[in-house]
Amino acid sequence: MDVDTRLLRYFVAVAEEGSLTHAAQRLFVSQPALTKQIKQLEARLGTTLFTRSRTGMVLTGSGRALAKRVPALLVDWDRMLRETKATASRAARVLRVGFIASAANEATPHIVAEFARRQPGWRAEMRQASWSNPSAGLAEGDADVALVRLPFPGQNALRVAMLLTEPRCVALAEAHPLAARDVIPFRDLWDEPFVAAPPETGRWREYWLAADERDGRPVRVGAVTEQPDDWLSAIANGYGIALAPESATRFYARPGVTYRRVTGVSPSRVGVAWAPADDANPVLQDFVRCCLESRPRHEATT
């Protein structure tokens, strides 16, 4: 019988937190999605792992036995996976750079060129990730280093250095009534349908819906997308609007979609992230230094 390691990670989070709510927040997933995964693991193992009560989730005897073994198993699995993939990349002298959306914006080509100058014979291979993978492949070992939007799931287990902040704007269909304005207060968007990331991205999805900045007003979701092209199509077709970093106005221009400034919503942050195991990796750390040295002057001093 094979068990998905993701189910084991969810099990560990619930066991350690003793609460589905707290575990869901830690994992950046919704509570219903987490409940479903725990039930799936119990079904595969043919045993009950938790007793559920109003006070939380309590491990059964079977659950305690599993909880003793799984954390070490996951640590070994993650290390083996990263080392196997990284070894192949080092042999080819390729640094796998995952990125979300516009990466580090206009600084990205300079970062790549400076890395090539510092590490002759090495190539920074840029790999764009879907919005359903906010760590840009770093968490799965598919990237050695990543240019990411903060916050993202699993961030606390990684090294993260801030590079820049930029305002968020709103993307709307050109025919939308609010497109006639130059600046839109966020409160005027609260009742609009939004184009959202998949529910399993949890807090990542909530951040881009600004769910915590609506004074308790619920979010209306008009469409769910994973890729930029699908996102733009949904907006152009009038299925919803979306918050976006200001750089989207330059990197994701499309007929039928317009961008407007938004007030009353927090800015977006871009960072470079890597695994703690690579703190002493000279090639990867050269790439990190290239990123840090590319920061706008005001960002570097904050």
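Residues numbered from 1 in each chain as written. Predicted model: local features only at pLDDT ≥ 70, side-chain atom pairs only at ≥ 80, totals over all residues. Heavy atoms only, no water.

J.: Sorry, what's going on with the packing of aromatic side chains here?
T.: The way to describe two aromatic rings as a pair is by their centre distance and the angle between their planes. On inspection of all chains with the given rule, the structure shows 6 aromatic pairs. Ring geometry for phenylalanine 115 versus phenylalanine 287: centroids 5.7 Å apart, planes at 75 degrees, classification edge-to-face. Of this pair, phenylalanine 115 sits in helix 5 (residues 108–118) while phenylalanine 287 sits in helix 9 (residues 282–293), placing them 172 residues apart in sequence. Of the two residues, phenylalanine 115 and phenylalanine 287, neither departs from the other in class, the shared state being buried. (Phe/Tyr/Trp six-rings, centres within 6.5 Å; stacked < 30°, edge-to-face > 60°. Helix = DSSP H or I, 4+ residues; strand = E, 2+ residues; numbered from the N terminus. Buried < 20%, exposed > 50% of the residue type's maximum accessible area, 1.4 Å probe, protein only.)

J.: Help me out: how do you make sense of the nonpolar core in this one?
T.: Burial of nonpolar side chains together is a common tendency in soluble globular proteins. In terms of nonpolar packing, the biggest core is built from 46 residues, with Phe186, Leu189, Trp231, Leu243 and Tyr259 touching the most fellow members. Listed by contribution, the elements that provide at least two residues to this core are strand 5 (145–150), strand 7 (168–173), strand 9 (193–196), helix 6 (203–208), helix 7 (228–236), strand 11 (242–245) and strand 12 (257–263). Once residues lying within four places of it in the same chain are set aside, the contact partners of phenylalanine 186 are Phe194, Leu209, Ala210, Glu213, Arg214, Leu243, Val262, Thr263, Gly264 and Val265. The next biggest cluster of nonpolar side chains, apart from the first, holds 24 residues, and it includes Trp122, Ala161, Leu164 and Phe287. (Core = buried A, V, L, I, M, F, W, Y, C linked by side-chain atoms within 4.5 Å. Contact = heavy atoms within 4.5 Å.)

J.: Just to check I follow, could you spell out the sheet that holds strand 3 (residues 94–99) for this structure?
T.: Within a sheet, adjacent strands bond to each other through the backbone by hydrogen bonds, running parallel or antiparallel. Read from one edge to the other, the open sheet built from 5 strands follows the order 4-3-5-13-6, with strand pairing classed as mixed. Strands with a single pairing partner mark the edges of an open sheet, and in this sheet they are strand 4 (123–128) and strand 6 (159–166). Taking each pair of neighbouring strands and ignoring which way they run, the sheet shows an average axis angle of 25 degrees. Strand direction decides the pairing type here: strand 5 and strand 13 (residues 268–274), joined by 6 bridges, are antiparallel. Within the sheet, the bridge partner assigned to leucine 147 lies in strand 13 and is valine 272. With respect to the sheet, helix 5 is in contact with strand 3 and strand 4, its orientation differing from that of strand 4 by roughly 150 degrees. (Pairing = 2+ DSSP bridges. Axes fitted to C-alpha atoms, helices over the stretch in contact; angles between N-to-C directions.)

J.: Would you take a moment to explain the side chain of glutamine 37 for this structure?
T.: Along the chain, glutamine 37 falls in helix 3 (residues 31–45). Other than its neighbours up to four places away in sequence, glutamine 37 contacts Arg6, Leu7 and Tyr10.

J.: I would appreciate a short explanation of the pairing of strand 7 in the present structure.
T.: Residues in a regular strand project their side chains so that they alternate between the two faces of the sheet. Buried residues dominate strand 7, accounting for 6 of its 6 residues. Neither face of strand 7 is exposed, since Arg168, Val170 and Leu172 on one face and Cys169, Ala171 and Ala173 on the opposite face are all buried. Examined bridge by bridge, strand 7 and strand 11 share 4 bridges and lie antiparallel to one another. Following the sheet pairing, cysteine 169 is matched in strand 11 by alanine 244.

J.: Would you take a moment to explain the environment of leucine 66 for this structure?
T.: Mapped onto the secondary structure, leucine 66 falls in helix 4 (residues 61–91). For the pair leucine 66 and glutamine 25, spaced 41 residues apart in the sequence, the C-alpha separation amounts to 22 Å. Sequence-distant contacts of leucine 66, that is, excluding residues within four places in its chain, are made with Phe11, Leu45 and Leu49.

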